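# A closer look at the structure
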Amino acid sequence: MSNLFYQAKGRRPIGTRAEGVYIWDEDGRQVIDGASGAMVVNIGHSNERVLAAMREQLDKATFLYRLQFENEPAERFATALAERLPAELEEVFFVSGGSEAVESALKLARQWAVATGQPERWKIISRFPGYHGSTLGALSVTGYDLLTQHYLPLMTEMPKIPAPTAYLDRDGLTMAERGLRYADMLEAKILAEGPESVLAFIMEPVGGATTGALVAPDSYYARIREICDRYGILLIHDEVMSGAGRTGKYLAGDHWGCQPDIVALSKGLGAGYAPLGAMVAPERIVGPVLSSGGFAHGHTYAGNPLASAAGLAVLEEIDRLGLLGNASDMGDRLMAGLRELATRHPVIGDVRGKGLLLAAEFVADRDTMEPLAPELNAHERMVELAFERGLILYSRRTRGGRSGDHFLVCPPMIVTADEVDRILEILDDTLLALERELGLPNA
Ligand code: PMP
């Protein structure tokens, strides 16, 4: 009997080895990691150069406490990271994960407001559905009732606006018009809450698991920036999943030239080699906080030399292997393949995403976009059937939102054309099996 528990007690196969885009279990069975873990292992498993950089650091020092010592890997990593971000984003605060990065962003924003004489600003508007982490602060801006409902007395529920699920709308508007309509919901919410009380708006520029790689219409992004500026509200991008290159640019927001005031990163930053996250902000926000007595926030493991050495080596590998370009090219190939699968599998109602952050959504009826009945549990069965066929997928049902079951296909950014084609073959076979099992129509 295991002493471990997570969401529940349950047996999963024991993973014993991982290399490139593959994982092996204790019986020696090989599976393709089509989810990069949980969209984490962006540069693939067991990258030799990253391991070598970590081994080298292991022999020097694994932990130096940031308030007692500077350390060279953390300094170099911060500089290398800032170089890859839009010009103003240069003040780097390291943490050990995505929730910590989001918490740090929320707390920095609040301290900035207090430090700049705007103590009445505290509300953080976010989107529904959306996910920003599992700690109580991050949960308060998370729009996913399955995760938040138990904790309401402990957390402050923050105002939410609908995520831009424009693909579901049947309103006769163009996508550009819909993008503006969704963005303007932010302005309406700010006005309803009282603009002087609103501190920030947080969003995932390309959605993660709760929305299934939701991409807003192009017009959305600039309008959101404009509205935040109009009311002096900070724009926080949660790029925990979409950042670090997964969408084909280092930040997903870069696709729209949309610059946030604060960005949260994790997952692909440490790429599975070390627990790592970062919150990055401009001097105009960090400066007033530091000169008003300092940022009253921090985590013990932050910026430790071993994790930093790993993170720096990951960044260098992204450049050396040209992984942004490959994520973009292989993302196009995978997207084209998913769209082709949708022509033969009517259960797929929508295919979306950017680069290698891609998802397909199941529907009962493509014309109305009515979701599949929840009791079919289609997304979980999809994952299980794919796993039996040698492919790991990530899946969710968005409860409380308008959309239904979806699965994400997010292999590491080192994936080759042959491997993409193999993933598509397995998906085709898996969809057939799912349709047979659930009695779904197949064209
Ligand atoms: N934000 C987003 C967009 C995420 O996808 C996640 C993790 N799935 C988090 C925050 C939380 O990150 P972590 O699990 O590392 O705390």
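Structure's up top.
The following paragraphs examine the structure supplied in this document. Not measured: the values here are computed from a predicted model. (Residues numbered from 1 in each chain as written. Predicted model: local features only at pLDDT ≥ 70, side-chain atom pairs only at ≥ 80, totals over all residues.)

### Brief notes about the sheet that holds strand β7 (residues 198-203)
Pairing in this open sheet of seven strands is mixed, and the strands run β4-β10-β9-β8-β7-β5-β6 from one edge to the other. Two strands in the sheet have a free side with no partner beyond their single neighbour: β4 (91-95) and β6 (160-162). Averaged over all pairs of adjacent strands, the angle between strand axes in this sheet comes to 20°, irrespective of strand direction. As judged from the three bridges shared by strand β9 (residues 262-265) and strand β10 (residues 277-281), these two strands associate in the antiparallel manner. When the sheet's bridge partners are listed, Leu265 is paired in β10 with Ala278. The sheet strands contacting helix α7 (residues 175-193) are β5 (123-128), β6 and β7, and the helix crosses β6 at an angle near 155°. (Pairing = 2+ DSSP bridges. Helix = DSSP H or I, 4+ residues; strand = E, 2+ residues; numbered from the N terminus. Axes fitted to C-alpha atoms, helices over the stretch in contact; angles between N-to-C directions. Contact = placed C-beta atoms within 7 Å.)

### Topic: helix α3 (residues 72-83)
In this model, α3 (twelve residues) spans 17 Å end to end at C-alpha, consistent with the 16 Å of a helix rising 1.5 Å per residue. Those residues of α3 not exposed but buried are Pro73, Ala74, Phe77, Ala78 and Leu81. Buried residues of α3, seen end-on, are gathered within an arc of 130° and therefore sit on one face of the element. Counted as exposed and oriented over 90 degrees from the buried face of α3: Thr79 and Glu83. Next to the buried residues of α3 lie α2 (48-58), β4, β10 and α10 (305-320). (Expected span 1.5 Å × (residues − 1). Buried ≥ 20, exposed ≤ 12 C-beta atoms within 10 Å, placed from the backbone. Arc of directions from axis to C-beta.)

### What about the site of the ligand?
Around the ligand, the surrounding shell holds 15 residues, and the nearest of these are Gly97, Gly98, Ser99, Val240 and Met241. The leading source of residues in the shell around the ligand is helix α4 (residues 98-115), at three residues. Of the residues in the shell around the ligand, the class split is five nonpolar, eight polar and two charged. (Near = placed C-beta within 6 Å. Nonpolar A, V, L, I, M, F, W, Y, C, P; charged D, E, K, R; others polar.)

### A few points about the pairing of strand β2 (residues 22-25)
Regular strands place their side chains on alternate faces of the sheet. Inspection of the sheet shows strand β1 (residues 15-19) paired to β2 by four bridges, in the antiparallel sense. The residue of β2 that forms the bridge with Gly15 is Asp25. The loop that links β1 with its antiparallel partner β2 comprises two residues; one of these, Gly20, has a positive phi angle of about 60°. With three bridges joining them, β2 and strand β3 (residues 30-32) adopt antiparallel strand pairing. Each residue of the ladder has a partner; that of Tyr22, found in β3, is Ile32. Between β2 and β3, which pair antiparallel one after the other, the connecting turn spans four residues, and Gly28 there sits at a positive phi close to 85°.

The values are spatial; any link to function lies outside them.
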